[in-house]
Amino acid sequence: MMRDFSDSHRWLSINTATVRKQWALDRIIDECARRGIRAISPWRDQVAAVGLDRVARQLKETGIELSGYCRGGFFPAADAAGLKAALDDNRRAIDEARTLNAPCLVLVVGSLPGALNGSPVHRDIGRVRQEVRDGIAATMEYARQMAMPLAIEPLHPMQAAERACINTLEQALDLCDELDPARSGGLGVAVDLYHVWWDPKLQQQIARAGADRLLAFHVCDWLVPTRDLLNDRGMMGDGVIEIRKARGWVEAAGFAGHSEVEIFSEHWWSQPGERVLDLCIERHRQVV
Ligand code: ZN
């Protein structure tokens, strides 16, 4: 039986990138609290801008929980020093996630070094996949000590050069099986429908993941046409993703956590934040 969201937004979470251009994180938390939104997923830069301790205090005061912490990852690098710097940075991200009581650290794993700035230092995607594997394996040791689960987020293949060389749920779960065959709960996936909705194996791989590997569920919509590969995500209900059907699949697999709205959109960033949050609540009830 699927949970009924139609008369409550108890299970709504707001990924704070959704209103990052309107407000700083402290204001976002206040605006969520005012609306009875009980969970958020903040980004590290937003936390740093307000101050980690201050954010932790504000979460405690408002009773708002995290549905995830964004983000760790970006493991590949041009040289050994770069690989080590990435591991150090992931350890810091885990520490912050602990301080904020996050249920998981979301990993955008990275890909060709330099590609994000338009100048890849090499083109060997096989090499970066290996570096990602090794980087997650190394990070898992610290994450385990800190009891912080790691959630690999497969990104749409259009992001394969710049942001993530893990592009399907199957690929992410293969890595989970390799690095955590015992299904300890310390390694899993973040299912972001924007990235995986098109995958013919989506339902099958969600079932394969099961409750112990389904650590986060992100929603928005795929617009037609899509005008920008990064910042033209749609509000739920405005595009072509069968969101409720997919939520049925994750719930059938045992997921019972938050449905996290994550919209990177120049359009929605240009709207009043109050309106965006109100609409997120409305659409969460209507179409998620
Ligand atoms: Zn996401």
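Right above here is the structure, for reference.
Residues numbered from 1 in each chain as written. Predicted model: local features only at pLDDT ≥ 70, side-chain atom pairs only at ≥ 80, totals over all residues. Heavy atoms only, no water.

K.L.:
Help me understand the side chain of Asp199 in this model?
P.N.:
Looking at the secondary structure, you find Asp199 in the loop between α7 (193–196) and α8 (202–209). For the buried residue Asp199, which engages in no salt bridge, the nearest side chain bearing the opposite charge is Lys201, 6.9 Å off. Within the local environment of Asp199, its side chain forms a polar contact with the backbone nitrogen of Lys201, the two atoms lying 2.8 Å apart. Beyond its immediate chain neighbours, meaning those up to four positions away, Asp199 contacts Thr168 and Leu169. (Helix = DSSP H or I, 4+ residues; strand = E, 2+ residues; numbered from the N terminus. Buried < 20%, exposed > 50% of the residue type's maximum accessible area, 1.4 Å probe, protein only. Lys, Arg positive; Asp, Glu negative; His and termini not counted. Salt bridge = Lys/Arg side-chain N within 4 Å of Asp/Glu carboxyl O. Polar contact = N/O pair within 3.5 Å; in protein donor to acceptor, adjacent residues only side chain to side chain. Contact = heavy atoms within 4.5 Å.)

K.L.:
Just checking my understanding: could you explain the pairing of strand β5 (residues 105–108) for this structure?
P.N.:
The side chains of a regular strand alternate between the sheet's two faces. Alternating residues of β5 divide into Leu105 and Leu107 and Val106 and Val108, and every residue in both groups is buried. Traced from strand β4 (residues 69–73) through helix α4 (residues 80–99) to β5, the parallel crossover comes out right-handed. Considered for its hand, the β-α-β crossover made up of β5, helix α5 (residues 125–145) and strand β6 (residues 150–152) is right-handed. (Right-handed = clockwise from strand over helix to strand, strands pointing away.)

K.L.:
Would you explain the environment of Met235 in this entry?
P.N.:
As for its placement among the helices and strands, Met235 is situated in the loop between β8 (214–219) and α9 (243–252). According to the relative accessible area criterion, Met235 is buried, its value standing at 0%. Taking the C-alpha atoms as reference points, Met235 and Cys220, 15 residues apart in sequence, are found 5.4 Å from one another. Setting aside chain neighbours within four positions, we find Met235 in contact with Asp221, Ile263, Trp268, Val276, Leu279, Cys280 and Arg283.

K.L.:
Would you mind showing me how to read the sheet that holds strand β9 (residues 259–261) here?
P.N.:
In sheet architecture, strand pairing relies on hydrogen bonds along the backbone and comes in two forms, parallel and antiparallel. Across the sheet, nine strands lie side by side as β3-β2-β1-β9-β8-β7-β6-β5-β4; this open sheet has parallel pairing. If you trace the sheet from one side to the other, it starts and ends with β3 (65–66) and β4, each paired once. Examined bridge by bridge, strand β1 (residues 12–15) and strand β2 (residues 39–41) share three bridges and lie parallel to one another. Across the sheet, Ser13 pairs through a bridge with Ala39, a residue of β2. Against the sheet, α4 makes contact with β4, β5 and β6, and its axis sits at roughly 160° relative to β4, the strand it touches most. In the packing of helix α6 (residues 169–179) onto the sheet, contacts are made with β6 and β7 (187–192), and the angle to β7 comes to roughly 170°. (Pairing = 2+ DSSP bridges. Axes fitted to C-alpha atoms, helices over the stretch in contact; angles between N-to-C directions.)

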